[in-house]
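# Chains, contacts and geometry: an overview
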Amino acid sequence: MADDKILSLLGFARRAGKLSMGHDAAQQALFKKQAKLVLFCGDASQRLVNEFNVTIKKHNIKTAAVITKYTMDEISFSLGYRAGVITVNDENFSKRIVELLKQEANANGNKS
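So, here is what we can say about the structure in this document. Worth saying up front: this structure is predicted, and the values here are computed from it rather than measured.

Attention now moves to the pattern of salt bridges. The full count for this structure, using the stated rule, is two salt bridges. The residue Arg82 makes a salt bridge to Asp73 at a minimum N-O spacing of 2.5 Å. A residue is classified by how much of its surface remains accessible, and Arg82, at 49% relative accessible area, is partly exposed. For Arg96, the salt bridge identified is with Glu99, shortest N-O distance 3.1 Å. Here Glu99 and Arg96 lie together in helix 5 (residues 91-111), a separation of three residues that amounts to about one turn. You can call Glu99 partly exposed: its relative accessible area is 42%.

Right, dumping it as structure tokens:
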């Protein structure tokens, strides 16, 4: 259930112009301090994740980075753009997505 909410929220953010999708656009959003949240697809390469984590740490960027369970195909289907990394460039969208991700993690933790 939360999956649908997160993907829907990402769709709203895309239509509002509040996402940067793909490697170059996401890095640019980080450097411009626009990115409030960095989301990686679950099947993104470890090299990509490491590169962004190093960039965030090296440049002292105050942005959370989360590896999601969504595949690039699921993101592509929902957003119409195939990317392994996405930045959410709006505080309200990013806060709500983080809340939903935490709810999902809690729900999965309680089932185990």
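Met72, Ile75 and Leu79 are the residues of helix 4 (residues 72-79) that are buried. Down the axis of helix 4, the buried side of the element spans an arc of 60°, and every buried residue falls inside it. Looking at helix 4, the residues exposed on the side facing more than 90 degrees away from the buried face are Asp73 and Phe77. Looking one or two places after helix 4, you find Gly80, whose phi comes out positive at around 75°.

A few words on the side chain of Gln27. Position of Gln27 relative to the elements: it lies in helix 2 (residues 23-31). With residues near it in sequence (within four places) discarded, Gln27 still touches Glu51, Phe52 and Thr55.

A few words on the environment of Leu7. Here Leu7 shows up in helix 1 (residues 2-15). Take Leu7: its relative accessible area is 16%, and that puts it in the buried class. Measuring from C-alpha to C-alpha, the distance between Leu7 and Ile97 comes to 9.2 Å, with 90 residues separating the pair along the chain. Discounting chain neighbours no more than four positions away, the residues touching Leu7 are Tyr70, Ile75 and Ser78.

Rules of the game
Residues numbered from 1 in each chain as written. Predicted model: local features only at pLDDT ≥ 70, side-chain atom pairs only at ≥ 80, totals over all residues. Heavy atoms only, no water. Salt bridge = Lys/Arg side-chain N within 4 Å of Asp/Glu carboxyl O. Buried < 20%, exposed > 50% of the residue type's maximum accessible area, 1.4 Å probe, protein only. Helix = DSSP H or I, 4+ residues; strand = E, 2+ residues; numbered from the N terminus. Arc of directions from axis to C-beta. Contact = heavy atoms within 4.5 Å.

Keep in mind these numbers describe shape, not what the thing actually does.
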